[in-house]
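The primary structure of each chain is shown beneath.
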Amino acid sequence: IDSDESDVARSLEAPEQRKSRMSTRRLTGLQKQVLSLYRSVIRHTRSQDSELRKQILQYTRVQLEKNRNIERRNVMLIEHYLRNGKKKLELLEQGGVQGIGAYTSSS
């Protein structure tokens with residue numbers, strides 16, 4: 001089967017088959033870290049008011065989508081974004097965040 005035929009075959013798969021094939025793909029360590037960070041953000045937003053929660057989740061999703069196509073081999077860039085994401089999560093956890101882009105110090 002050439003690549004065109006296999007692409008057509010994949011596009012005709014039932015959604016359950018496609019999902020099953022996709023779920024067997026192993027995640028890299030960095031991908032697991034990204035998903036863990038995303039889950040941490042979601043957990044943190046549960047304690048926020050609904051408007052701030054919506055802003056945080058929307059910002060997070062936009063950032064993930066924007067950077068979705070970074071090559072897996074570009075480890076340094078992925079690690080850079082992970083570090084930045086973790087720092088932003090720490091700021092959220094410290095409190096005082098009134099909206100995206102607004103941080104007020106307690107002191």
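What counts, and at which threshold
- Residues numbered from 1 in each chain as written.
- Predicted model: local features only at pLDDT ≥ 70, side-chain atom pairs only at ≥ 80, totals over all residues.
- Heavy atoms only, no water.
- Helix = DSSP H or I, 4+ residues; strand = E, 2+ residues; numbered from the N terminus.
- Expected span 1.5 Å × (residues − 1).
- Contact = heavy atoms within 4.5 Å.
- Salt bridge = Lys/Arg side-chain N within 4 Å of Asp/Glu carboxyl O.
- Buried < 20%, exposed > 50% of the residue type's maximum accessible area, 1.4 Å probe, protein only.
- Core = buried A, V, L, I, M, F, W, Y, C linked by side-chain atoms within 4.5 Å.
- Axes fitted to C-alpha atoms, helices over the stretch in contact; angles between N-to-C directions.
- Parallel < 35°, antiparallel > 145°, perpendicular 65-115°, else oblique.
- Left-handed = near helix turned anticlockwise from the far one by under 90°.
- Nonpolar A, V, L, I, M, F, W, Y, C, P; charged D, E, K, R; others polar.

Topic: helix H5 (residues 75–94)
Compared with an ideal rise of 1.5 Å per residue, which puts 20 residues at 28 Å, H5 spans 29 Å between its outermost C-alpha atoms and is within 8% of the ideal. Packed against the buried residues of H5 are helix H3 (29–45), helix H4 (50–66) and strand E1 (97–99). Positive phi shows up at glycine 95, right after H5, with a value of about 90 degrees.

Remarks on the pattern of salt bridges
Taken as a whole, this structure holds three salt bridges when the rule is applied. Between arginine 68 and glutamate 65 there is a salt bridge, and its shortest N-O distance comes to 2.5 Å. Look at glutamate 65 and you get partly exposed, because its relative accessible area is 48%. The shortest N-O distance in the salt bridge between glutamate 71 and arginine 73 comes to 2.8 Å.

Section: the side chain of threonine 60
Examined against the element boundaries, threonine 60 turns out to sit in helix H4. Sequence-distant contacts of threonine 60, that is, excluding residues within four places in its chain, are made with Tyr38 and Val41.

A word on the environment of glycine 99
Looking at the secondary structure, you find glycine 99 in strand E1. With a relative accessible area of 10%, glycine 99 lands in the buried category. Taking C-alpha positions, glycine 99 is 8.6 Å from glutamate 51, a pair spaced 48 residues apart along the chain. When neighbours within four sequence positions are excluded, glycine 99 is seen to be in contact with Leu52 and Gln55.

A short note on the nonpolar core
Within soluble globular proteins, side chains that are nonpolar generally end up buried alongside one another. Counting ten residues, the largest nonpolar core consists of Leu30, Leu37, Val41, Leu52, Ile56, Ile78, Leu82, Leu89, Leu92 and Val97. At the level of elements, H3, H4 and H5 are the ones that each hand at least two residues to this core. Top contributing element to this core by residue count: H5, with four residues.

Quick look at the side chain of histidine 44
Inspection of the secondary structure assignment puts histidine 44 in helix H3. For histidine 44, the contacting residues outside a window of four places in its chain are Leu89, Leu92 and Glu93.

Side note on the packing of H3 against H5
Between H3 and H5, whose axes approach to 11 Å, the crossing angle comes to 15 degrees. Between H3 and H5, the angle is such that the two are roughly parallel. For H3 against H5, the interelement crossing comes out left-handed. The segment H3 lies against H5, with Leu30, Gln33, Val34, Leu37, Ser40, Val41 and His44 engaging Val75, Ile78, Glu79, Leu82, Gly85, Lys86, Leu89, Leu92 and Glu93. By residue class, the composition of the contact of H3 with H5 is nine nonpolar, four polar and three charged.

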